[in-house]
Amino acid sequence: MNNLGKLSFCLLPSAFCLGMAAAVAQSYPSRPVRIIVPQSPGASTDITARLVAQGLNEAFKQPVIVDNRPGSSGIAGTELVARATPDGYTLMVVASSFSINPALGRKLPYDSVRDFTTVTQLSKFPNMLAAHPSAPVKTLQDVIALARAKPGQLNYASAGVATGTHMTVELLKFMTGIDLLHVPYKGGGPAMTAAIGGQTQLVVGTSVGMLTHVRAGKLRAIAVTSAHRSAAAPDIPTFAESGVPGYEHEPWNGMFAPAGIPKAVLAKVNAEVARILRSPEVKKIFERDAADVVGSTPEQFGAVLKAEIEKWTKVAKAAGIKAE
């Protein structure tokens, strides 16, 4: 066999694989697609999943069904996806608590990196630290100074132990060395109610959930956790601007698939979801909720996930936070 013949023979497997991949992508999907959401209907993650599902339904010409699987901190629904056939017909939309769970020493029935493929980061949004109007703090520097002068006496409400709102302050404590008293509640709503009623001095919540109360004068905004000021509240400074350089925490919603999904199918889902997120209608909905659309590549989202797990592992270890 001459050199040209040998080269042609060597290229045959690659050409065959490329052809097969193209065929798989072209035929996908040929039946309904299910998006698992390990949270209750009505949660922000569920709303995001339903927006994406509606767009995919139109693009794929196949039913795209949102399947809510709440309970056990989202672990049961997430495990279902980890064990699913990696063919693109089972996807998952989760919140950034997905990156906190493995940092808590909890024995999970899956590996948060190895058993999943990142599809795309859908959105991100800042948390906000706010104070009851009677609290003797107006800025983040006031909070830090008072916490240093009276360690453990300044308290804050969160949505519960190891939630994103709790970790918002634990990251602040980790970076500044201050001591604040954590008062966990069973959800963001009860935490907000407690702070408005003056039962706690500070509270952490999502910006969209806090802004109504801030504008009504029931709470005083201190700072937002994002790297840049929120377009919904440009007058509120970031933690970094307020004297904690490098501080950044933006909770997110993201899409995953079981590990091993064909690359051609992954690329097709990623492209369609990115297109949906770029639509003016969807962007307007996100902006209304003080969130930014992202639509990253699988590789970009994978890097975010690994960095988040590493960060929260350090914070949880320093604070002695473990799964309840």
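Now for a quick tour of the structure. Residue positions are given per chain, counting from 1 as you read along its sequence in written order. Where local features are concerned, this predicted model is filtered to residues with pLDDT of at least 70; where side-chain atom pairs are given and counted, the filter is 80 or more; whole-chain, interface and lining totals use all residues. Side-chain metrics rest on all non-hydrogen atoms present in the structure, leaving aside hydrogens and water.

Another aspect to go through is unusual backbone geometry. Note the cis peptide between Tyr28 and Pro29, where omega equals -10°. The helix count covers DSSP runs of H or I at least four residues long, the strand count covers runs of E at least two residues long, and both are numbered beginning at the N terminus. Mapped onto the secondary structure, Pro29 falls in the loop between helix H1 (3-27) and strand S1 (33-37). If you check the backbone angles, Lys61 has positive phi at about 60° while not being a glycine. Residue position: Lys61 is located in the loop between helix H2 (44-60) and strand S2 (64-68). For the exposure calls, accessible area comes from a 1.4 Å probe over protein chains only, and a residue counts as buried if that area is under 20% of its type's maximum, exposed if over 50%, partly exposed in between. Judged by its relative accessible area of 70%, Lys61 is exposed. One non-glycine residue, Ala162, lies in positive phi territory at about 70°.

Quick look at the layout of surface pockets now. Taken as a whole, the second largest pocket encloses approximately 270 Å³ of empty space. Considering the residues around the second largest pocket, the lining is formed by Gln121, Lys124, Glu248, His249, Glu250, Trp252, Val294, Val304, Ala307, Glu308 and Lys311. Those elements giving two or more residues to the lining of the second largest pocket turn out to be strand S4 (116-124) and helix H11 (298-319). Here the lining of the second largest pocket takes four residues from H11, the largest share from any one element. Split by residue class, the lining of the second largest pocket holds four nonpolar, two polar and five charged. Lining residues are those with an atom within 4 Å of a point, where the points come from a 1 Å grid over the protein atoms alone and group into cavities, where a 1.4 Å probe fits but cannot get out, or pockets, open sets with protein on both sides within 12 Å along at least five of seven lines. Grid points are joined across faces, edges and corners, and a volume is the space filled by probe spheres set on the points. All amino acids are sorted into three groups, where Ala, Val, Leu, Ile, Met, Phe, Trp, Tyr, Cys and Pro are nonpolar, Asp, Glu, Lys and Arg are charged, and the leftover types, Gly among them, are polar.

Another point: the sheet that holds strand S10 (residues 252-258). Strand pairing is assigned whenever DSSP detects at least two bridges linking the two strands. With respect to topology, six strands assemble into an open sheet ordered S2-S1-S3-S10-S4-S11, the strand pairing being mixed. In the strand order of this sheet, the two ends are held by S2 and strand S11 (292-293), each with one partner. Sitting on the sheet, helix H9 (residues 263-278) is in contact with strand S3 (90-95), S4, S10 and S11, with an inclination near 5° to S4. Residue contacts are counted whenever heavy atoms from the two residues lie within 4.5 Å of one another. The angle between two axes is taken between their N-to-C directions and runs from 0 to 180 degrees, where each axis is a line fitted to C-alpha atoms and a helix contributes only its stretch in contact.

Our next topic: the packing of H2 against H9. Axis separation between H2 and H9 bottoms out at 10 Å; the angle between their running directions is 115°. Crossing angle aside, the handedness with which H2 passes H9 is right-handed. For the pair H2 and H9, the contacting residues are Leu51, Val52, Gly55, Leu56, Ala59 and Phe60 in the first and Lys268, Val269, Glu272, Val273, Arg275 and Ile276 in the second. Taken together, the residues that form the contact of H2 with H9 break down as eight nonpolar, one polar and three charged. In a left-handed crossing the near helix is turned counterclockwise from the far helix by less than a right angle, and in a right-handed crossing that turn is clockwise.

Core analysis: the biggest nonpolar cluster contains 31 residues, and Leu140, Val143, Leu180, Leu202 and Ile222 have the highest contact counts within it. Contributing elements (two or more residues each) for this core: strand S5 (127-131), helix H5 (140-149), helix H6 (164-176), strand S8 (202-206), strand S9 (220-224) and H11. Among buried residues, those of type Ala, Val, Leu, Ile, Met, Phe, Trp, Tyr and Cys that are joined through side-chain atoms within 4.5 Å constitute a nonpolar core. By size, the runner-up hydrophobic cluster in this structure holds 30 residues, among which are Ile35, Tyr89, Val119 and Leu277.

If you trace the five strands from one edge of the open sheet to the other, you get S7-S6-S8-S5-S9, paired in mixed fashion. Looking at which strands have only one partner, the edges of the open sheet turn out to be strand S7 (181-184) and S9. If you compare each strand with its neighbour and ignore which way they point, the axes differ by 30° on average. Two strands pair when backbone bridges link them, and S5 and S9 are joined in this way by four bridges, in the antiparallel orientation. If you follow Leu129 over to S9, its bridge partner there is Ala223. Each of strand S6 (155-158) and S8 is contacted by helix H7 (residues 188-196), which is oriented at about 145° to S8, the strand it contacts most.

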